[in-house]
Amino acid sequence: VQLQAFGGGLVQAGGSLRLSCAASGRTFSSSAMGWFRQAPGNEREFVAAISWRGGSTYYADSVKGRFTISRDNAKNTGYLQMNSLKPEDTAVYYCAASRTSWVSNYYSRDDYVYWGQGTLVTVSS
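Turning our attention to the overall build of the chain. In terms of helices and strands, the chain carries zero helices and eleven strands. The linear arrangement of helices and strands in the chain, starting from the amino end, is β-β-β-β-β-β-β-β-β-β-β. Computed over its C-alpha atoms, the radius of gyration of the chain comes to 13 Å, within 12% of the 14 Å expected for a compact globule of 125 residues. Sorting the 125 residues of the chain into buried and exposed places 43% on the buried side. Within the chain, residue pairs in contact and separated by at least 24 positions form 58% of the contacts whose partners lie at least 6 positions apart. Per element, the accessible surface of the chain, about 6,300 Å² overall, is 45% carbon and sulfur.

Evaluated as defined, the whole model comprises seven aromatic pairs. Taking the centre distance of 5.3 Å and the plane angle of 75° together, the rings of F36 and Y112 count as edge-to-face. Taken as a pair, F36 in strand 4 (residues 33-38) and Y112 in the loop between strand 9 (91-97) and strand 10 (114-115) lie far apart in primary sequence, 76 residues in all. Judged by centre distance (5.9 Å) and plane angle (80°), the ring pair of Y58 and Y107 falls under edge-to-face. Of the two residues, Y58 sits in strand 6 (residues 57-59) while Y107 sits in the loop between strand 9 and strand 10, which places them 49 residues apart along the sequence. When its relative accessible area of 44% is taken as the criterion, Y107 is described as partly exposed. Through successive ring pairs, a cluster of aromatic residues spans F36, F46, Y58, Y106, Y107, Y112 and W115. Residue placement shows R18 over the ring face of Y79; its charged tip is 4.0 Å from the ring centre.

The next subject is the sheet that holds strand 3 (residues 17-24). As summarised here, the arrangement of the four strands in space is 1-3-8-7, forming an open sheet in which the pairing is antiparallel. Two strands bound the open sheet, and with one partner strand each, they are strand 1 (2-6) and strand 7 (67-72). The average angle at which neighbouring strand axes cross in this sheet is 15°, direction not considered.

Bringing the environment of V1 into the picture now. Mapping V1 onto the fold places it in the segment before strand 1. The partly exposed category is assigned to V1, whose relative accessible area is 22%. A sequence separation of 22 residues divides V1 from A23, and the C-alpha atoms of the two residues are 6.5 Å apart. Once residues lying within four places of it in the same chain are set aside, the contact partners of V1 are A23, S24, T27, F28 and Y114.

Phi angles above zero are rare outside glycine, and N76 is one such case at about 55°. Its location among the elements puts N76 in the loop between strand 7 and strand 8 (77-82). We note that S84 has phi near 50°; this positive angle belongs to a residue other than glycine. Relative to the helices and strands, S84 is located in the loop between strand 8 and strand 9.

Conventions and cut-offs
- Residues numbered from 1 in each chain as written.
- Predicted model: local features only at pLDDT ≥ 70, side-chain atom pairs only at ≥ 80, totals over all residues.
- Heavy atoms only, no water.
- Helix = DSSP H or I, 4+ residues; strand = E, 2+ residues; numbered from the N terminus.
- Rg over C-alpha atoms; globule rule 2.2 N^0.38 Å.
- Buried < 20%, exposed > 50% of the residue type's maximum accessible area, 1.4 Å probe, protein only.
- Contact = heavy atoms within 4.5 Å.
- Areas by Shrake-Rupley, 256 points an atom, 1.4 Å probe, with all protein chains shown as cover.
- Phe/Tyr/Trp six-rings, centres within 6.5 Å; stacked < 30°, edge-to-face > 60°.
- Lys NZ or Arg CZ within 6 Å of the ring centre and 35° of its normal.
- Pairing = 2+ DSSP bridges.
- Axes fitted to C-alpha atoms, helices over the stretch in contact; angles between N-to-C directions.

All quantities given are derived from atomic positions and should not be read as evidence of function.
Given below as structure tokens:
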């Protein structure tokens, strides 16, 4: 699976952005998908994840209630809708996919083997 994340940009605090993750390869629809982010000087951290059918979603406490993860397997695309953005959301956002539909820990980077190149989100105060 090859992943490409896009949709990042500059937005004011309180604004919204929608990230997309376009996947190639026939296994995406049977893979869990996650979004992670990395701010300068910080480790890459979990943001959100969704099961392969989309029936289960998981969020970091810092984004719960503001971000929504979704996917359209027919289009081989995943999404991250980000509302009420804060300056602390500024980071490079990466989408990732698991090797199979089974994931032991949706919150762990170790369970994702395919990674996109990242898209920069900058939230100004």
